[in-house]
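Read off the chains here:
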Amino acid sequence: MTNSTPSWADGEQPTTTSSTTDSTPTPTTSDVPDVPPMPATPPAAAPAAGKTGIRRTLTTLLIGAVAGASIVGGTWYTTSRDNSITVDGKPAAPKGTFTLKGDFTLADGAVDDGIGGCEGSGGYDDIALGTSVTVYDAAGAVIATSALTLSEYDETAGTCTYDVSVPGVPGGEDFYQVEISHRGKIQLSAEEAKSGGFSGSLG
């Protein structure tokens, strides 16, 4: 009988061959998913919801305040224009008042003022452009003031005539008194005062 047991030379190790092949694949670098690199700086934290709400509230309040101020300013501007300008572009009298109009003539001592108008001389040198015009009520209280304007010199007659215009005279009086400089009061009815019927003279 023949011995079938294999023999090995001294120092040799037996080798085995497995008939079963491992079917599990060995992963390669191409099979590993790409991993994004770490950012250079950490991401900023998102603002807290409470702070955002406060900012939105403050912004809304600020916009409301600005809009309110604009409305108030526009109303004031429009009102002030309507109350201070007439169709002729001149200051208008406040509601419940009127502008007393007329003329005043200096019949003595009038001379050419050299600028296209005239003025008083000698004992009448207080009569000129800018001389005060004072309006009094029936009780003698001062209720409005203005000044002489727009003088016109009549060389032939030797007279000087001024326009009189006093805005803001309160209505409701039975009569009014008007004084040019300190030359005494001239009385006129309420109808004359409101219709531009004032007429005074001196000299």
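Before any of the text, the structure's been laid out above.
First, a word on scope: everything that follows refers to the structure included in this document.

What counts as what
- Sequence positions are assigned chain by chain, starting from 1 and proceeding in written order.
- The predicted origin of the model limits local features to residues at a pLDDT of at least 70 and limits the giving and counting of side-chain atom pairs to 80 or more, whereas totals for whole chains, interfaces and linings rest on all residues.
- Side-chain metrics rest on all non-hydrogen atoms present in the structure, leaving aside hydrogens and water.
- Numbering of helices and strands runs from the N terminus; a helix is a DSSP stretch of H or I covering at least four residues, while a strand is a stretch of E covering at least two.
- Between two residues, a contact is recorded if the distance between any of their heavy atoms is within 4.5 Å.
- Each pair of strands is called paired provided DSSP finds at least two bridges between the two strands.
- Interaxial angle, 0 to 180 degrees, is taken between N-to-C directions of lines fitted to C-alpha atoms, where a helix line uses only the stretch in contact.
- Like charges are joined within 9 Å and nonpolar side chains (Val, Leu, Ile, Met, Phe, Trp, Tyr) within 5 Å, but only among residues with over 30% relative accessible area and no salt bridge; these make up the patches.
- Throughout, the Shrake-Rupley method with a 1.4 Å probe supplies accessible areas, and for residues the shown protein chains are the sole cover considered.
- Whenever a carboxyl oxygen of Asp or Glu lies within 4 Å of a side-chain nitrogen of Lys or Arg, that contact is scored as a salt bridge.
- All tallies of charge rest on Lys and Arg as positive and Asp and Glu as negative; His and the ends of each chain are not included.
- The atoms used to mark charge sites are NZ of Lys, CZ of Arg, CG of Asp and CD of Glu.

Further remarks concern the environment of Asp174. Relative to the elements of secondary structure, Asp174 occurs in the loop between β7 (159-170) and β8 (175-180). A sequence separation of 36 residues divides Asp174 from Ala138, and the C-alpha atoms of the two residues are 6.9 Å apart. Residues contacting Asp174, with those up to four places away along its chain left out, are Ser189 and Ala190.

It is worth spelling out the sheet that holds β7 at this point. Across the sheet, four strands lie side by side as β6-β7-β1-β10; this open sheet has mixed pairing. Where the open sheet ends on each side, the last strands, each with one partner, are β6 (149-154) and β10 (198-202). Averaged over all pairs of adjacent strands, the angle between their axes in this sheet comes to 20 degrees, without regard to strand direction. In this structure, strand β1 (residues 97-106) lies alongside β10, joined through five bridges in parallel fashion.

What follows deals with the pairing of strand β5 (residues 142-147). Where strand β4 (residues 132-136) and β5 come together, five bridges link them in antiparallel fashion. Its bridge partner being in β5, Val135 is matched across the sheet by Ala144. Linking β4 to β5, which pair antiparallel, is a turn of five residues; within it Gly140 sits at a positive phi near 90 degrees.

Residues Asp112, Glu119, Asp125, Glu152, Asp154, Glu155 and Asp163 make up a contiguous surface patch of negative charge. Among the secondary structure elements, Asp154 is positioned in strand β6.

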